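# Tertiary structure, described
Now for the letters of each chain:
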Amino acid sequence: MNTPTLSTNKIIVFIVFICAALMTSLFVFHVSQKPVHPVLSQDTGVIFPVARDIKSFELVTAENQPFQQKNFYHHWTLLFFGFTHCSYVCPTTLDMMNHVYDKLAGKYPNLQVVLISLDPERDTPESLKKYTHSFNPTFIGVTGKIQELRKLQSQLGIFFCA
């Protein structure tokens, strides 16, 4: 009695089929997965219930103009503390601020978005201008001496190590 045997060609075709099915499954699984990125805080920011009485400080804009407490008077300001060499959070936040700015600028025509650098040694006015304007040409980059930055950030409850 002859026992049926599988030919070598049939075995090879079967193995190729299994490998192709596994590779297709892995590809579909990989494509269907969401990219893994650090999750930003769900906080939408802080809106102070009443205007803060900001004490004197002296910083400089990317346009080499003084930036002082009077720059906060009589309009809304979206304020962000960060730096130009930040790889993920800062550009993501500025991009989100740009989208918010587009939605709010019509209702609040004097709205300003300000990035205050926490890295004044590397963030020159020129680099801040290039960085902020890459998100929106109306955004304001601000830097200054550490002592002056601390005057402002401590009044707003912003903590950083320099």
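Right above here is the structure, for reference.
What this report covers is the structure whose coordinates are included nearby. This is a predicted model, so every value here is computed, not measured.

The next subject is the pattern of salt bridges. Tallied over the entire structure, the rule returns three salt bridges. Between lysine 129 and glutamate 63 there is a salt bridge, with the nearest N and O atoms lying 3.5 Å from each other. Here lysine 129 is found in helix α3 (residues 125-135), whereas its partner glutamate 63 is found in the loop between β1 (59-61) and β2 (66-67), with 66 residues between them in sequence. Residue classification places lysine 129 among the partly exposed positions, given a relative accessible area of 34%.

With mixed pairing, five strands are arranged side by side in an open sheet as β2-β1-β5-β4-β3. Of all the strands in the sheet, just β2 and β3 (77-82) have a single pairing partner and so form its edges. Direction of pairing for β1 relative to β2: antiparallel, over a ladder of two bridges. Residue pairing for β2: leucine 59 is matched across the bridge by phenylalanine 67. Helix-sheet contacts for helix α2 (residues 89-104) involve β3 and β4 (112-117), and the interaxial angle to β3 is about 175°.

In this structure, asparagine 64 is a non-glycine residue whose phi angle is positive, near 60°. Examined against the element boundaries, asparagine 64 turns out to sit in the loop between β1 and β2. Take asparagine 64: its relative accessible area is 48%, and that puts it in the partly exposed class. The phi dihedral of histidine 74 is positive, around 65°, even though this residue is not glycine. Turning to its location among the elements, histidine 74 is positioned in the loop between β2 and β3.

This brings us to the environment of glutamine 112. As for its placement among the helices and strands, glutamine 112 is situated in strand β4. Taking C-alpha positions, glutamine 112 is 7.8 Å from histidine 75, a pair spaced 37 residues apart along the chain. Not counting the four nearest positions on each side in its chain, glutamine 112 is found in contact with Asn71, Phe72, His75, Trp76, Thr77, Leu78 and Ile140. Among the polar contacts made by the side chain of glutamine 112, one reaches the main-chain carbonyl oxygen of asparagine 71 at a distance of 2.7 Å.

Criteria and cut-off values
Residues numbered from 1 in each chain as written. Predicted model: local features only at pLDDT ≥ 70, side-chain atom pairs only at ≥ 80, totals over all residues. Heavy atoms only, no water. Salt bridge = Lys/Arg side-chain N within 4 Å of Asp/Glu carboxyl O. Helix = DSSP H or I, 4+ residues; strand = E, 2+ residues; numbered from the N terminus. Buried < 20%, exposed > 50% of the residue type's maximum accessible area, 1.4 Å probe, protein only. Pairing = 2+ DSSP bridges. Contact = heavy atoms within 4.5 Å. Axes fitted to C-alpha atoms, helices over the stretch in contact; angles between N-to-C directions. Polar contact = N/O pair within 3.5 Å; in protein donor to acceptor, adjacent residues only side chain to side chain.

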